[in-house]
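These are the residues of each chain, in order.
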Amino acid sequence: MVNLTNEKKLLAVLLVFNCTLSFAQTIKTDILVVGGSASGTAAAIQGARSKLKTMLVEQGPWLGGSMTAGGMSIVEGNRNLPTGIWGEFRRRVRDFYSKTPGYDTAYNATLRFEPYTGAAILKKITDTVKNLTVKLNTPFTGIKKDGTGWDVTITLDGKTATVKAKVVIDATETGDVAAKAGETYVYGFEAKKQTNEALAPDNESTQLQDLSWIAILKDFGAAADKTIARPDGYDAAAYTCLKGKNIKKMLDDGRLPNDKYMIKWAECGNQFLVAPDNLKPENREAFYAKARLHTLGLIYYLQTELGYKNLGLGEGFTTPDHLPYLPYLREAGRATKGLVRMMLDDVYKPYNRESKLYRTAIAVGDASPGQHYTDANAPKVIYPPFPAYGVPLGAIVLKDLDNLLVTEKAMSVTHLVNASTMYPSVQMAIGQGAGATAAYCAFFKTTTQNLNVRIIQGELLDFKAWIMPFADVKPTDPYFRAIQQIGASGLLKGVQKADGNTARLLFQPDSLVATAEIKPTLEEIYTRGFLWFNKEKPGPVFTVGNLLSFISETTLTDPHTLEIAMQKAWKDQYKFSSAFDMKRPVTRREFAILANRFFNPFARSVDVAGRMVN
């Protein structure tokens with residue numbers, strides 16, 4: 001009897017064990033993107049469009065991260081740089097609202113949209129992409145190395161599942177995946193002696209930029225009373241600096257379509273002081289609850305003290321308080337062991353550094369760096385006009401964790417650079433670059449230690465992404481790619497032109513080519529270049545004849561034959577507007593198109609530091 005009972009118990013245990021095993025689902029994929037942020041969504045789209053099996057898991061109900069689920073739905077950054085998937089999203093938003101009275105559909109207008117609409121557009125894009133599986137409401141729980149790939153555990157439909165991926169992209173807002181894999185982070189300001197950045201403070205500090213728990217309010221009409229319940233711990237004194245402010249203008253600055261407003265106010269608005277400890281997973285929920293209450297207090301103050309009872313929280317977010325699912329988080333931990341670290345001089349002086357990281361760019365950005373601090377003692381940085389820039393490949397690659405890429409705030413950049421790269425539209429561009437990088441590793445069955453910069457950039461250009469932020473050459477230009485490739489080679493360099501607190505990077509296609517600009521790169525790339533310059537001795541301004549002579553030298557084409565063929569093709573094939581004249585100075589546009597066609601400096605490989613590889 002005792003033995004029989006023990007046998008029954010053992011049988012019961014085995015049955016439970018077998019049932020548990022049956023629920024432990026294993027999924028295989030080439031690329032796993034954890035986090036449906038702006039970068040994560042773009043990374044997943046690009047990985048799948050590059051024909052690799054891709055899976056995207058997001059713990060919340062929406063795609064888009066802080067741009068949608070966080071309510072940050074007025075996007076100014078990259079409005080002059082409609083690169084790739086960001087440009088596609090931008091066009092779809094403008095098309096959706098094109099018949100809305102007063103909606104600005106200009107090429108470089110600030111993008112405004114309702115958060116739900118933005119999330120729905122992203123979901124619609126992902127739904128049409130082959131090779132892509134999207135799982136919403138699916139938390140990430142763990143990660144461990146498996147050969148050159150990774151085993152990632154997630155909670156799928158309430159059950160634990162393991163995803164075996166060749167490449168993982170951590171696109172969470174707080175770098176949670178890389179942290180669990182063993183990456184270490186730095187928080188706040190680096191000291192000047194650590195980065196050699198002229199604008200860095202003398203002493204390092206863990207001071208982070210404030211977060212904002214944004215609110216989306218709707219005007220329900222003058223007679224409506226949408227006053228919310230008095231929030232717990234409400235103190236009107238926390239918001240008194242708003243008295244005397246032009247609230248109507250502040251509301252108008254945050255105007256969205258369909259009588260809605262994005263509330264993201266500085267000073268005593270809904271900015272909220274954040275410290276590194278607050279962002280630890282075990283502290284996050286309680287801290288976020290306080291930030292939400294602070295925003296609810298602002299809304300209550302706006303309704304009861306400032307007389308805007310007609311403005312109320314809409315039904316767009318299904319949270320109990322109708323606030324966004326996520327905060328607008330400007331800063332978190334940054335990876336300490338990236339292949340490269342992008343610094344401020346890579347933005348201001350990209351051509352004058354020993355490393356040539358601009359040659360390795362996988363994304364472009366132009367967002368003005370923010371400084372959002374309620375702490376009066378936070379270091380103050382006075383940025384000169386901030387130029388458009390390229391984001392180097394090595395900033396998303398972790399040195400000691402093969403085939404794990406990072407985006408969002410976890411990238412290998414300095415505090416002063418993160419103030420721009422964290423912007424959602426910039427992150428969408430970076431995410432596309434991460435997706436192409438992951439696809440390269442998965443397709444060629446290699447690791448992030450063996451990246452080919454030019455192949456990755458070529459894939460991005462195939463999908464209409466930008467690798468050089470030339471604002472004056474639009475993607476509709478038939479020779480857009482040629483100019484991008486020549487710019488990335490360093491042969492012709494962009495010119496920074498200040499425009500308020502930013503600076504556009506211009507290619508200036510109609511300007512003339514200075515011999516002094518192109519000579520160092522031509523001699524660096526081509527062994528015959530040094531001999532040609534010594535023989536021909538071109539003047540200060542390069543001519544059409546000089547260019548054809550160099551093409552003849554490098555391609556071993558008969559000069560007279562080349563001249564005759566070029567004269568025929570000048571307008572018919574290349575569509576040049578100027579007359580063919582060997583003695584005339586060549587324009588930068590003409591030079592770029594013909595250089596790319598005949599001796600293609602972009603074909604020369606570079607390493608992750610931008611150095612030419614023989």
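Residues numbered from 1 in each chain as written. Predicted model: local features only at pLDDT ≥ 70, side-chain atom pairs only at ≥ 80, totals over all residues. Heavy atoms only, no water.

Participant: How do you make sense of the packing of aromatic side chains when you look at a structure like this?
Facilitator: Enumeration according to the criterion identifies 34 aromatic pairs in this entry. With a centroid separation of 5.5 Å and an interplanar angle of 90 degrees, the aromatic rings of Tyr526 and Phe599 are classed as edge-to-face. Within this pair, whereas Tyr526 is found in the loop between α14 (515–525) and α15 (527–536), its partner Phe599 is found in the segment after α18 (588–598), the two being separated by 73 residues in sequence. Plain terms: the ring middles of Phe550 and Phe599 are 5.2 Å apart, the flat faces sit at 70 degrees to each other, and that makes the pair edge-to-face. Taken together, the positions of Phe550 in helix α16 (residues 544–555) and Phe599 in the segment after α18 put the pair 49 residues apart, joining distant regions of the chain. Taken individually, Phe550 and Phe599 each receive the classification buried, so the pair is uniform in this respect. (Phe/Tyr/Trp six-rings, centres within 6.5 Å; stacked < 30°, edge-to-face > 60°. Helix = DSSP H or I, 4+ residues; strand = E, 2+ residues; numbered from the N terminus. Buried < 20%, exposed > 50% of the residue type's maximum accessible area, 1.4 Å probe, protein only.)

Participant: Can you help me understand the packing of α16 against helix α17 (residues 559–572) in this one?
Facilitator: One can describe the packing of α16 onto α17 by two numbers: an axis separation of 10 Å at closest approach and a directional angle of 125 degrees. On the basis of the axis angle, α16 is oblique to α17. Crossing hand, α16 versus α17: right-handed. Taken together, the residues of α17 that come into contact with α16 (itself represented by Val544, Leu548, Ile551 and Ser552) are Pro559, Leu562, Glu563, Met566 and Trp570. (Axes fitted to C-alpha atoms, helices over the stretch in contact; angles between N-to-C directions. Parallel < 35°, antiparallel > 145°, perpendicular 65-115°, else oblique. Left-handed = near helix turned anticlockwise from the far one by under 90°. Contact = heavy atoms within 4.5 Å.)

Participant: I'm lost on the pairing of strand β8 (residues 159–170) in this one. Help?
Facilitator: Put simply, side chains in a regular strand alternate between the two faces of the sheet. Note that strand β1 (residues 25–34) and β8 share 9 bridges and pair parallel. Each bridged residue has a counterpart across the sheet, and for Thr29 the counterpart in β8 is Ala165. Summarising the sheet, strand β7 (residues 149–156) and β8 pair through 7 bridges and their orientation is antiparallel. Pairing of Asp151 across the sheet is with Lys164, part of β8. Hairpin connection of β7 to β8: 2 residues between the antiparallel strands, including Asp157 at a positive phi of 55 degrees. Inspection of the sheet shows β8 paired to strand β20 (residues 404–406) by 3 bridges, in the parallel sense. The partner of Val168 across the bridge, within β20, is Leu404. (Pairing = 2+ DSSP bridges.)

Participant: What's the story with the nonpolar core in this structure? I'm lost.
Facilitator: Across soluble globular proteins, nonpolar side chains show a tendency to be buried alongside one another. Core analysis: the biggest nonpolar cluster contains 137 residues, and Phe89, Ile169, Ile396, Met428, Phe542, Phe591 and Phe599 have the highest contact counts within it. Of all the elements, helix α11 (residues 424–443) adds the most residues to this core, at 11 residues. Apart from the residues within four sequence positions on either side, Phe542 is in contact with Val513, Thr515, Ile518, Trp532, Phe533, Leu547, Pro585, Val586 and Phe591. In terms of nonpolar packing, the next biggest core, distinct from the first, is built from 33 residues, Leu217, Tyr261, Ile299 and Leu311 among them. (Core = buried A, V, L, I, M, F, W, Y, C linked by side-chain atoms within 4.5 Å.)

Participant: Quick question: what am I supposed to make of the packing of α14 against α15 here?
Facilitator: Any two packed helices are characterised by how steeply their axes cross, that is the angle between the axes, and by the distance between the axes. Two numbers describe how α14 lies on α15: the axes approach to 5 Å, and their chain directions differ by 140 degrees. Judged by the inter-axis angle, α14 sits oblique to α15. Residue-level inspection shows Thr515, Lys519, Leu522, Glu523 and Ile525 of α14 in contact with α15, the latter providing Thr527, Gly529, Phe530 and Phe533. Residues belonging to the contact of α14 with α15 are distributed by class as follows: 4 nonpolar, 3 polar and 2 charged. (Nonpolar A, V, L, I, M, F, W, Y, C, P; charged D, E, K, R; others polar.)

Participant: What am I meant to see in the state of the cysteines here?
Facilitator: As used here, a disulfide is simply a covalent bond connecting the sulfur atoms of two cysteines. Taken as a whole and assessed by the stated rule, the structure comprises 1 disulfide. Two residues, Cys241 and Cys268, share a disulfide whose sulfurs are 1.9 Å apart. Looking along the S-S bond of the Cys241-Cys268 disulfide, the torsion reads about -100 degrees, which is the left-handed sense. In this pair, Cys241 is assigned in the loop between β11 (215–219) and α7 (247–253) and Cys268 in the loop between β13 (260–263) and β14 (271–272), connecting sequence segments 27 residues apart. Cys241 gets classed as partly exposed once you look at its relative accessible area, which sits at 29%. (Disulfide = S-S within 2.5 Å.)

Participant: Just to check I follow, could you spell out the environment of Thr126 for this structure?
Facilitator: Here Thr126 is to be found in helix α4 (residues 115–127). Aside from chain neighbours lying at most four places away, what touches Thr126 is Thr41, Ile45, Leu63, Leu132 and Val134.

Participant: So what exactly am I meant to see when it comes to the pairing of strand β17 (residues 361–365) here?
Facilitator: A large share of β17 lies buried, amounting to 5 of its 5 residues. Two strands pair when backbone bridges link them, and β17 and strand β19 (residues 389–392) are joined in this way by 4 bridges, in the antiparallel orientation. Each bridged residue has a counterpart across the sheet, and for Val364 the counterpart in β19 is Gly390.

Participant: I would appreciate a short explanation of the sheet that holds strand β18 (residues 386–387) in the present structure.
Facilitator: Working definition: the strands of a sheet are paired by backbone hydrogen bonds and lie parallel or antiparallel to each other. The 3 strands are arranged β18-β22-β21 in an open sheet whose pairing can be described as mixed. The sheet terminates laterally at β18 and β21 (495–499), the two strands that pair on one side only. Both β21 and strand β22 (residues 502–506) contribute to a ladder of 5 bridges, which runs antiparallel. The residue bridging Lys497 from the neighbouring strand is Arg504, located in β22.

Participant: Just checking my understanding: could you explain the sheet that holds β13 for this structure?
Facilitator: Here we have 4 strands laid out as an open sheet, ordered β12-β13-β11-β15, and antiparallel in their pairing. This sheet does not close on itself; its edge strands, each paired only once, are β12 (255–256) and β15 (311–313). For β12 and β13, the ladder comprises 2 bridges, and the chain directions are antiparallel. Following the sheet pairing, Leu256 is matched in β13 by Lys260. Here helix α8 (residues 281–304) sits on the sheet and contacts β11, β13 and β15; the angle it forms with β15, its principal contact strand, is near 155 degrees.

Participant: Is there a simple way to think about unusual backbone geometry in this case?
Facilitator: Even without glycine at this site, Lys51 takes up a positive phi of about 70 degrees. You can call Lys51 exposed: its relative accessible area is 72%. With a phi angle near 60 degrees, Lys575 is a residue other than glycine that sits in the positive phi range. Within the element layout of this structure, Lys575 appears in the loop between α17 and α18.

Participant: How do you make sense of the environment of Pro82 when you look at a structure like this?
Facilitator: Looking at the element boundaries, Pro82 is found in the loop between β3 (74–75) and α3 (84–96). Spatially, the C-alpha atoms of Pro82 and Ile551 are 33 Å apart, while their sequence positions differ by 469 residues.

Participant: When you look at α17 in this model, what are you seeing that I'm missing?
Facilitator: For an α-helix the count is 3.6 residues per turn, leaving residues at separations of three or four pointing the same way. The terminal C-alpha atoms of α17, which comprises 14 residues, lie 20 Å apart, in line with the 20 Å expected from a rise of 1.5 Å per residue. Most pronounced at Met566, the bend in α17 amounts to some 25 degrees. Turning to α17, its buried residues are Leu562, Met566, Ala569 and Trp570. Its buried side turned inward, α17 meets α16 and α18. (Expected span 1.5 Å × (residues − 1). Bend = angle between axes of the 7 residues up to and from the residue.)

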